[in-house]
Amino acid sequence: MKKLKVAIMGLGTVGGGTYDVLTRNREVIKSGYGVDVEVVKILDKSPKRLADKGASEKLFAANIDEIVSDPDISVVVETMGGLEPAGSFIIKALESGKSVVTANKELLSKRLDELLSSADKGGSGLYIEASCVGGVPIIRTLTESMQANRVTELTGIINGTTNYILTKMSEEGDDYAYALGEAQKLGYAEFDPTADVEGFDAAYKLSILASLAFHTRIPLDKIYREGISKITSRDIAVGKSMGYELKLLAIGRQNSDGSVQARVHPAFVPASHPLASVRGSFNAVLLKGDFVDEIMLYGRGAGAHPTASAIVSDIVYCAGKDRPQKNDFGSKLANVSDDFPSEYYFSVSVLDRPGMLSVISGVLGSHGISISKMLQENADGHCAEVVILTHMTSERLFRAAVAELRDVDGVLSVGSEIRVIED
Ligand code: HSE
């Protein structure tokens, strides 16, 4: 039986979950995979934190050197989160030849080159299944199951907090602030929810996933990002009446000219779209490959045990490797396009007087934008709300048309600009 000694850095929610899974399923892993995984050191602030999570205080390590200097430890699990000290600790572990398993999407998306070069220096492997979409095996699917294909598209709901909030708004008519409060009560959203609701967390993951999918590096700062904090329950209800569900999507696409699209933003999808039925805090990723057609992976993208499930799978996976894992993120920087075609939903508040609809459609038409659906609401003789869905148009043309509409006499405001993704 192969024996594997492991250290865990950070015994918070995910680290604690990892310790729990490794302890409770030690026999399952032994009999199923022929490897006996033993946690021999845990780095955290105090021994008491270990006791709180049911781990022996004898495992306590006060600093990283106690871990890297221990020749028996071959795998280091990083579940501290954040950039520092996690980054320096991972680098030390990699450079001392230890395999590192991490769930740290922010660090991977911001300092990937540094981590990869430390892994090269130490001849060690960096294992990242838990960094994206928690318990859903998306990394291994991309790196080990899609070799026959050119992956053309990756579209995902890869943030559970925002999907929970949008589901509450859609199904219960809650407003954004109330749904966010509920997400905070349940522990999905942080006290400062910015990383989730403004799309940063999804952008970290998309940078990793799209780089692996397209074998070309997609840096975080090239990803277009827009969150859900300005979405209203009215937008969601009106979209629903037109046959759409609103989701925060992370989208990576390979264009035929070799450029890529990489973006995170709210989007309406038809109720029949496979991602439309992903509810609550669940995540899903839809992949398109030129030969396999479509694959969809669905599951829990966060939480102690689902994320620990991915971490433990990496530990067992690296135990079976003769050579360190090398993930092909691509070495070349991607040509990321900043204008992507889309259909748009938007609303215009106007004075309720003759000819306004024709003025609006005239402005859109002058920018080459065609209307696919139009809905007028609350026309009371003074004001009216017009909701418009366009056919496919470019971002640039849409922005120019909206700017012009704002200056039209009788137009009070233009808002709720939301993209529509039909397939
Ligand atoms: N906060 C994330 C989510 C999980 O809500 O999906 C960690 O990336």
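Here's what I pulled together on the structure shown here. (Residues numbered from 1 in each chain as written. Predicted model: local features only at pLDDT ≥ 70, side-chain atom pairs only at ≥ 80, totals over all residues. Heavy atoms only, no water.)

## Focus on the site of the ligand
Okay, so step 1: Surveying the vicinity of the ligand reveals the residues Lys105, Asn159, Gly160, Thr161, Asp196, Asp201, Lys205 and Ala302.
Okay, so step 2: In this structure, an oxygen atom belonging to the ligand sits 2.5 Å away from a side-chain N or O atom of Thr161.
Okay, so step 3: Side-chain polar atom of Lys205 to an oxygen atom of the ligand: 2.9 Å apart, as the coordinates give it.
Okay, so step 4: Coverage of the ligand by the protein amounts to 83% of the 260 Å² it exposes when considered alone.
Okay, so step 5: Among the secondary structure elements, those contributing two or more residues to the shell around the ligand are α8 (160–172) and α11 (200–214).
Okay, so step 6: The class makeup of the residues in the shell around the ligand is one nonpolar, three polar and four charged. (Near = heavy atom within 4 Å. Polar contact = N/O pair within 3.5 Å; in protein donor to acceptor, adjacent residues only side chain to side chain. Areas by Shrake-Rupley, 256 points an atom, 1.4 Å probe, with all protein chains shown as cover. Helix = DSSP H or I, 4+ residues; strand = E, 2+ residues; numbered from the N terminus. Nonpolar A, V, L, I, M, F, W, Y, C, P; charged D, E, K, R; others polar.)

## Section: the pairing of strand β7 (residues 151–157)
Okay, so step 1: Across the seven residues of β7, six count as buried, placing the element largely inside the fold.
Okay, so step 2: Both β7 and strand β11 (residues 282–289) contribute to a ladder of six bridges, which runs antiparallel. Bridge pairing links Val151 to Gly289 in β11.
Okay, so step 3: The pairing of β7 with strand β9 (residues 244–254) spans four bridges and is classified as antiparallel. Its bridge partner being in β9, Gly156 is matched across the sheet by Ala250. (Buried < 20%, exposed > 50% of the residue type's maximum accessible area, 1.4 Å probe, protein only. Pairing = 2+ DSSP bridges.)

## Here's the deal with the sheet that holds strand β2 (residues 35–43)
Okay, so step 1: Taken together, six strands build an open sheet; the order of strands is β3-β2-β1-β4-β5-β6 and the sheet is parallel. Across the chains shown, the open sheet's two edge strands, defined by having one partner strand only, are β3 (60–61) and β6 (126–127).
Okay, so step 2: Judged from the two bridges that link them, strand β5 (residues 99–102) and β6 form a sheet pairing that is parallel. Its bridge partner lying in β6, Val100 is registered against Leu126.
Okay, so step 3: Sitting on the sheet, helix α5 (residues 86–95) touches β1 (2–9), β2, β4 (73–78), β5 and β6, and the angle it makes with β5 is about 150°. (Contact = heavy atoms within 4.5 Å. Axes fitted to C-alpha atoms, helices over the stretch in contact; angles between N-to-C directions.)

## Focus: the packing of helix α1 (residues 13–24) against helix α13 (residues 304–319)
Okay, so step 1: It is at 8 Å that the axes of α1 and α13 come closest, and there the two elements cross at 60°. Considering their axes alone, α1 and α13 lie oblique with respect to each other. Considering how the two elements wind past one another, α1 and α13 form a crossing that is right-handed. Along the contact surface, α1 presents Thr13, Val14, Gly17, Thr18, Asp20, Val21, Leu22 and Arg24, while α13 presents Ala304, His305, Thr307, Ala308, Ile311, Val312 and Ile315.
Okay, so step 2: Grouping the amino acids of the contact of α1 with α13 by side-chain chemistry returns eight nonpolar, five polar and two charged. (Parallel < 35°, antiparallel > 145°, perpendicular 65-115°, else oblique. Left-handed = near helix turned anticlockwise from the far one by under 90°.)

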